[in-house]
Structure formats: structure tokens, C-alpha cells
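# Remarks on the overall topology
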Amino acid sequence: QKEKEKFSLAFQTVPSVLVIASLLDGRYIEVNEAFERVMGYRRDEVVGQSSLAFHTWRNPEDRTRVLRALAHDEKVRNLEIAFRSKSGAEVVGLYSAEIIEIAGERCLLSLVSDITARKKAEEELRQSEERYRRLYNETPVMLHSVDADRRLVSVSDYWLESLGYERREVLGRKSTEFHTKESCRY
């Protein structure tokens with residue numbers, strides 16, 4: 001009994017989402033506190049119910065892919081999978097799973113590390129970089145950037161149009177190769 005209590009305490013306090021579900025029908029057997037916090041469902045709402053009925057897998061094919069891999073004795077570790085919370089919000093997680101047996105029933109033990117905030121930050125950074133790249137390239141000014149050796153690492157479209165070069169012809173070359181007598185006076 002003490003071992004069961006220790007396991008239960010550990011299971012509940014793990015900061016990642018932990019779920020034990022029936023392999024046969026997807027019925028929730030146990031969920032931890034992180035599941036309740038991240039997915040928005042209370043334990044008593046889901047235990048005994050099929051995960052399929054809650055449509056928590058944003059793409060049900062992901063569940064099929066996981067089960068297929070486990071059936072072929074493949075490891076399922078840190079797959080990036082999107083889930084749907086009770087509110088309908090997307091939760092992106094690194095998903096790992098094992099097949100375990102509890103009281104003679106084959107079960108799926110799933111662990112999900114929530115990376116939703118990280119994925120959102122990555123997307124915001126990508127959009128910001130795209131805006132910067134577009135602004136840099138489309139500004140009607142001759143812009144260029146150089147590395148520590150004064151080699152060109154980027155040039156604006158206007159720079160290329162003004163000097164009549166293709167980007168592949170100039171990147172990596174010293175910026176001084178493109179100076180004229182007039183530009184050196186300034």
C-alpha cells in the first residue's frame with residue numbers, strides 16, 4: 001500500500017502531463033494535476049471516459065501513429081504533437097509513451113511536456129525576422145551588412161539593383177571591392 005501511495009504522489013506532482021489510458025479503447029484510467037491544469041479538464045470529468053470522445057488529439061492520426069510505433073516495439077520519445085484543451089486552445093507538447101500493464105490490462109502511459117509557449121515564441125520570432133528581412137530588402141536605400149572580416153553577409157535589393165549584381169555574386173566578398181573613388185571620399 002505504501003508503494004502505491006508513493007507512486008500516486010509522484011504521478012500527481014510531476015510537472016509534465018501524465019496520463020494512463022486503456023490501450024484497447026482509449027479510456028482514461030488516471031490523469032495527473034498537470035493534465036488538469038494544461039488541458040482544462042478535471043480528473044472526475046475524464047476518468048472512465050474515452051480520450052477519443054474528448055477529441056484531445058488535434059490530429060487523431062497522431063494517436064494511430066503512436067500506437068502503430070508501440071505495436072512494432074519502437075520507442076515513442078519527444079514527438080511534437082498538438083492537442084486540444086477543453087477550451088479549444090491548441091496545446092503543443094513533446095509526447096512520449098510506453099505500454100504498461102495494470103491489473104492485467106494493457107495501458108498507454110503518456111507523458112507530455114507542454115511547449116506551447118516556446119512554439120508561440122518561435123513563431124513570433126520567425127514573423128519578426130520576416131518583417132525585418134522584408135524591411136531590409138525592400139527599403140529603397142543601399143544597405144549592406146558585413147562580418148568581422150568586412151565580408152558582405154547581406155545586401156538590400158536596392159543595393160543589388162543600383163550596382164547591377166546578383167546576390168550570389170557579392171555575398172562573401174569584401175565590401176571594399178565595391179567602393180569607387182567617389183565613395184571613398186566620404
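That block above? That's the structure.
A short tour of the structure in this document, coming up. (Residues numbered from 1 in each chain as written. Predicted model: local features only at pLDDT ≥ 70, side-chain atom pairs only at ≥ 80, totals over all residues. Heavy atoms only, no water.)

## Notes on the layout of surface pockets
Just so we agree on the cut-off: Using a 1 Å grid laid over the protein atoms alone, points where a 1.4 Å probe fits but cannot get out form a cavity; open sets with protein on both sides within 12 Å along at least 5 of 7 lines form a pocket; any residue with an atom within 4 Å of a point counts as lining. Grid points are joined across faces, edges and corners, and a volume is the space filled by probe spheres set on the points. Put simply, DSSP H or I for four residues or longer makes a helix, DSSP E for two residues or longer makes a strand, and each gets a number counted from the N terminus. In this classification, Asp, Glu, Lys and Arg are treated as charged, Ala, Val, Leu, Ile, Met, Phe, Trp, Tyr, Cys and Pro as nonpolar, and every other residue, Gly included, as polar.
Volume-wise, the largest pocket comes out at about 200 Å³. As for the largest pocket, its lining consists of Lys4, Glu5, Phe7, Ser8, Phe11, Gln12, Ile20, Ile29, Glu30 and Ile102. Sorting the residues of the lining of the largest pocket by element identifies helix H1 (2-13) and strand E2 (28-31) as the ones contributing at least two each. Across the lining of the largest pocket, the residue classes tally to five nonpolar, two polar and three charged.

## Focus: the nonpolar core
Heads up, the rule is: To form a nonpolar core, buried Ala, Val, Leu, Ile, Met, Phe, Trp, Tyr and Cys residues must be joined to one another through side-chain atoms within 4.5 Å. Partly exposed residues are those whose accessible area sits between 20% and 50% of the maximum for their type, while under 20% is buried and over 50% is exposed, using a 1.4 Å probe and protein chains only. The contact definition used throughout considers only heavy atoms, calling two residues in contact when any of these lie within 4.5 Å.
Counting 25 residues, the largest nonpolar core has Phe35, Val66, Phe83 and Tyr95 as its most contacted members. When residues of this core are traced back to their parent elements, those giving at least two are strand E1 (17-22), E2, helix H2 (33-39), helix H5 (60-71), strand E3 (76-84), strand E4 (90-102) and strand E5 (105-114). Per-element tally for this core: the top contributor is H2, with four residues. Not counting the four nearest positions on each side in its chain, Phe83 is found in contact with Met39, Thr56, Trp57, Arg58, Ala89, Glu90, Val91, Tyr95 and Val112.

## Here we look at H5
For clarity, the threshold we go by: Multiplying 1.5 Å by the helix residue count minus one yields the expected span of that helix. Picture the helix axis, draw a direction to every C-beta atom, and the arc is the one those directions span.
Over its twelve residues, H5 runs 17 Å from end to end, which matches the ideal 16 Å to within 8%, given 1.5 Å per residue. Buried residues of H5: Asp62, Arg63, Val66, Ala69 and Leu70, and no others. When H5 is viewed along its axis, its buried side chains cluster within an angular range of 130° and face the same direction. Opposite the buried face of H5, by more than 90 degrees, sit the exposed residues Pro60 and Ala71. Tucked inside the fold, the buried residues of H5 contact E1, helix H4 (51-54), E3, E4 and E5.

## Structural notes on the pairing of E1
Our working definition: Only strands that DSSP links by at least two bridges are regarded as paired with each other.
Across the six residues of E1, six count as buried, placing the element largely inside the fold. A two-sided burial pattern is seen for E1, the buried positions comprising Val17, Val19 and Ala21 on one face and Leu18, Ile20 and Ser22 on the other. In this sheet, E5 lies alongside E1 in antiparallel orientation, the contact comprising six bridges. Across the sheet, the residue bridging to Ile20 is Leu109, located in E5.

## Thoughts on the pattern of salt bridges
The condition that has to hold: For this analysis, a salt bridge means a side-chain nitrogen from Lys or Arg found within 4 Å of a carboxyl oxygen belonging to Asp or Glu.
Overall, the coordinates contain 20 salt bridges when judged by the stated rule. One salt bridge connects Arg27 with Glu105, and the closest N-O pair in it is separated by 2.6 Å. Of the two residues, Arg27 sits in the loop between E1 and E2 while Glu105 sits in strand E5, which places them 78 residues apart along the sequence. Since its relative accessible area comes to 26%, Glu105 is described here as partly exposed. Linking Glu80 and Lys119 is a salt bridge whose minimum nitrogen-to-oxygen distance equals 3.1 Å. Highlighted residues: Glu80 in strand E3 and Lys119 in helix H6 (residues 116-138), separated in sequence by 39 residues. Take Glu80: its relative accessible area is 43%, and that puts it in the partly exposed class. A relative accessible area of 26% means that Lys119 is categorised as partly exposed. What you see here is one network of salt bridges that share partners, running through Arg42, Asp44, Glu45 and Lys86.

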